[in-house]
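As a plain string of letters, each chain reads:
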Amino acid sequence: DTGVSQDPRHKITKRGQNVTFRCDPISEHNRLYWYRQTLGQGPEFLTYFQNEAQLEKSRLLSDRFSAERPKGSFSTLEIQRTEQGDSAMYLCASSLARGREQFFGPGTRLTVL
Amino acid sequence: GEDVEQSLFLSVREGDSSVINCTYTDSSSTYLYWYKQEPGAGLQLLTYIFSNMDMKQDQRLTVLLNKKDKHLSLRIADTQTGDSAIYFCAESKNDMRFGAGTRLTVKP
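Quantities reported herein were computed from a predicted structural model and do not represent experimental measurements. (Residues numbered from 1 in each chain as written. Chains lettered and ligands numbered in written order. Predicted model: local features only at pLDDT ≥ 70, side-chain atom pairs only at ≥ 80, totals over all residues. Heavy atoms only, no water.)

1. A look at the sheet that holds strand β3 (residues 19–24) of chain A
Residue and element names in this part refer to chain A. On the basis of which strands lie adjacent, the open sheet formed by 4 strands has the order β1-β3-β8-β7 and antiparallel pairing. Of all the strands in the sheet, just β1 (5–7) and β7 (65–68) have a single pairing partner and so form its edges. The mean angle between the axes of side-by-side strands here comes to 15 degrees, regardless of whether they run parallel or antiparallel. For β3 and strand β8 (residues 75–79), the ladder comprises 5 bridges, and the chain directions are antiparallel. (Pairing = 2+ DSSP bridges. Helix = DSSP H or I, 4+ residues; strand = E, 2+ residues; numbered from the N terminus. Axes fitted to C-alpha atoms, helices over the stretch in contact; angles between N-to-C directions.)

Structure representation (structure tokens):
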């Protein structure tokens, strides 16, 4: 399978714990995006990378959130001191170039108890 | 997304055509997209249209773009029960902005 993959698919955690999600983009794509989707809403942009450089961060991305793409391939999204409001589906997408179609992974569903 | 609006629900009978509408606000959008999301899954790219086009057809899917009115539509011909899903409109210049999605229900 050469699509975008995400791990884990589901994560249940207690409030205050840290969680980390991983995304593996399509191999030739140099752009990687993170989105958050809550029930009944479309995906909301969080941040994106071009190769290893993080080029834009949404104001939704509080200081508890950090994303990395150290070698310009896979990316991780970490949430520290999780809150119940962080419960959502976290989607990763990749694209070949700026403004072009993005291909999405299956998402990681986070539940914070 | 506040910049992209869609009606929330659409119900059609199997075999009929479905038309899902979307309006957006950024006139400088380069591409406009339609994605499909089934329960518990990620988003599947269905089709997209470049902003200098006004129509694109791909098998059962027809996309119409009225750039003057900033209106995009997706027509699904001969709608099947497997088309039941949430359909998201998105516009892109640098990042991508999504509508809240239209839940399409296809009744047998």
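Next comes the rest of the description.
2. A word on the state of the cysteines
All names here are of chain A. One pass over the full model with this rule turns up 2 disulfides over all chains. What pairs with Cys23 in a disulfide is Cys92, and their sulfur atoms sit 1.8 Å apart. Of note, the bridge from Cys23 to Cys92 carries an S-S torsion of about -65 degrees and is left-handed in sense. Taken together, the residues span a long stretch of sequence, with Cys23 in strand β3 and Cys92 in strand β9 (residues 88–95) at a distance of 69 residues. Given the relative accessible area of 0%, Cys23 is considered buried. (Disulfide = S-S within 2.5 Å. Buried < 20%, exposed > 50% of the residue type's maximum accessible area, 1.4 Å probe, protein only.)

3. Considering the pattern of salt bridges
Residues and elements named next belong to chain A. By the definition in use, this model includes 6 salt bridges over all chains. Here Glu83 ties to Arg64 by a salt bridge, and the two come within 3.4 Å at their closest N and O atoms. Here Arg64 lies in the loop between β6 (53–57) and β7 and Glu83 lies in the loop between β8 and β9, a separation of 19 residues in the sequence. For Glu83, a relative accessible area of 40% gives the class partly exposed. With relative accessibility at 9%, the residue Arg64 sits in the buried group. Via salt bridges that share partners, Arg64, Glu83 and Asp86 belong to a single interconnected network. (Salt bridge = Lys/Arg side-chain N within 4 Å of Asp/Glu carboxyl O.)

4. Here we look at the interface of chain A and chain B
Taken residue by residue, the interface counts 21 residues in chain A and 19 residues in chain B. Interface of chain A and chain B: buried area, both sides summed, is about 1,600 Å²; carbon and sulfur atoms make up 50% of it. Along the contact surface separating chain A from chain B lie 0 salt bridges. There are 3 residue pairs in polar contact (both at pLDDT 80 or more) connecting chain A and chain B. Going through the elements one at a time, β4 (31–37), β9 and β10 (103–104) of chain A are the ones with two or more residues in the side of chain A that touches chain B. Looking at which element gives the most residues to the side of chain A that touches chain B, the answer is β4 of chain A, with 3 residues. (Contact = heavy atoms within 4.5 Å. Buried area = accessible area lost by both parts, 1.4 Å probe. Polar contact = N/O pair within 3.5 Å; in protein donor to acceptor, adjacent residues only side chain to side chain.)

5. Digging into the sheet that holds strand β1 (residues 4–6) of chain B
All names here are of chain B. An order of β1-β3-β8-β7-β6 is seen for the 5 strands of this open sheet, with the pairing classed as antiparallel. The sheet is open, and its two edges are formed by β1 and β6 (55–58), each paired on a single side. Each strand of the sheet is rotated relative to its neighbour by a mean of 15 degrees, with strand direction disregarded.

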